[in-house]
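Structural overview
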Amino acid sequence: MAKTRPGIATKTKTGKRDLESYTIRGTNKVVKVGDCVLMRPSDTGKPPYVARIEKIESDARSNVKVRVRWYYRPEESLGGRRQFHGAKELFLSDHYDVQSAHTIEGKCIVHSFKNYTKLENVGAEDYYCRFEYKAATGGFTPDRVAVYCKCEMPYNPDDLMVQCEGCKDWYHPACVGMTIEEAKKLEHFVCSECSSDDDIKRSQNGFSLSPAADVKVESKRRKR
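Counting from 1, residues in each chain are numbered in the order their sequence is written. Where totals are concerned, whole chains, interfaces and linings use all residues; where local detail is concerned, this predicted model gives features only for residues with pLDDT of at least 70, and gives and counts side-chain atom pairs only at 80 or more. Note: side-chain values were computed over all heavy atoms of the structure, leaving out hydrogens and water.

The name an unreviewed UniProt entry assigns to the chain is Chromatin remodeling protein EBS, from the organism Melia azedarach.

1. A closer look at the nonpolar core
Nonpolar side chains in soluble globular proteins tend to end up buried together. We apply this condition: As used here, the term nonpolar core means buried Ala, Val, Leu, Ile, Met, Phe, Trp, Tyr and Cys residues forming a set that is joined through side-chain atoms within 4.5 Å. Throughout, exposure labels follow a simple rule: accessible area from a 1.4 Å probe, protein chains only, divided by the maximum for the residue type, with under 20% read as buried, over 50% as exposed, and the rest as partly exposed. Comment: elements are numbered from the N terminus, with helices defined as DSSP H or I runs of at least four residues and strands as E runs of at least two.
Core analysis: the largest hydrophobic core is formed by 22 residues, its most contacted members being Tyr 22, Val 31, Val 37, Met 39, Val 66, Trp 70 and Ile 104. The greatest single-element share of this core, amounting to five residues, is contributed by strand β6 (residues 64-72). One finds Tyr 116, Met 161, Val 162 and Cys 164 within the second-largest nonpolar core, a separate group that totals 18 residues.

2. Quick look at the pairing of strand β4 (residues 36-39)
The condition that has to hold: We treat two strands as partners when DSSP finds at least two bridges between them.
Side chains of β4 alternate between two faces, with Cys 36 and Leu 38 and Val 37 and Met 39 buried alike. Taken together, the four bridges between β4 and strand β5 (residues 49-58) define a ladder with antiparallel strand orientation. Its bridge partner being in β5, Met 39 is matched across the sheet by Tyr 49. As defined by bridge partners, β4 adjoins strand β8 (residues 104-112) across four bridges and the pair is classed as antiparallel. When the sheet's bridge partners are listed, Val 37 is paired in β8 with Lys 107.

3. Examining the pattern of salt bridges
As a reminder of what qualifies: When a carboxyl oxygen of Asp or Glu is within 4 Å of a side-chain nitrogen of Lys or Arg, the pair counts as a salt bridge.
The full count for this structure, using the stated rule, is eight salt bridges. Its salt-bridge partner being Lys 55, residue Glu 57 comes within 3.7 Å of it at the nearest N-O pair. Relative accessible area serves as the criterion here: at 14%, Glu 57 is assigned to the buried category. Three or more residues joined by partner-sharing salt bridges are found here, namely Lys 16, Asp 18, Lys 55 and Glu 57.

4. Some words on the packing of aromatic side chains
For any pair of aromatic rings, geometry is given as the distance between the ring centres together with the angle between the planes. For the record, the criterion: Ring pairs shown here join Phe, Tyr and Trp side chains whose ring centres sit within 6.5 Å, with only the six-membered ring taken for Trp; geometry is labelled stacked below 30 degrees between planes, edge-to-face above 60, and tilted in between.
Under the criterion given, the structure shown has 11 aromatic pairs. When the ring of Phe 113 is compared with that of Tyr 155, the centres are 6.1 Å apart and the planes differ by 75°; the resulting orientation is edge-to-face. Taken together, the residues span a long stretch of sequence, with Phe 113 in helix α1 (residues 113-116) and Tyr 155 in the loop between β10 (139-141) and β11 (161-163) at a distance of 42 residues. Exposure class is identical for Phe 113 and Tyr 155. Each is buried. A ring pair is formed by Tyr 171 and Phe 189, whose centres lie 5.9 Å apart and whose planes are at 65°; its orientation type is edge-to-face.

5. Here's the deal with the pairing of strand β9 (residues 126-134)
Most of β9 sits out of view: seven of its nine residues are buried. Pairing analysis gives four bridges linking β8 to β9, with the strands arranged parallel. Looking across to β9, one finds that Ile 109 is bridged to Asp 126. Two successive antiparallel strands, β9 and β10, enclose a turn made up of four residues, where Gly 138 displays a positive phi of approximately 80°.

What follows is the structure, encoded as structure tokens:
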């Protein structure tokens, strides 16, 4: 059974009306249906919950409630946080609630994984989602993603990786016996599988004429 997040929940009553927007208490920030928000947890030692607003409504006493669809952090899922989960990663769950609008603390943006990897700067309000999560069963959609490196792990956009000029696969520096500092100084990298003299010669000849291949190390994130 899906867990219940702390907050003020209400049953459907008569006399309610839908609202187009809500101004977060104590701010001039306006949220609308479809926006992602940060919601105050009951435990002040925990980070705010992240949710997507599905509906905003007011009752006869002008109490504003929001129907939300929760995002889960990796550590909140049944499998827990794993090595490839990024610090700003969230899972869009099938867990819905009705909460008091007063528990909204601020707005945030949950990007698609592809769009997140294209950000020049990642702000405090930026998150990303690449999986949907079934809270009751712990299942994920999609249930498979591409893996990289010798460790065969999905890509974590927080980690620096280097690309082999031969096979085009990506590697964590530690998995190929390098430090991050050494990887940042590389001009060329060929993995052990592609490291015969012929392979090295072909890869260097192939890249030397390509302006787009001047940088072989991406310190932030790479294209999928």
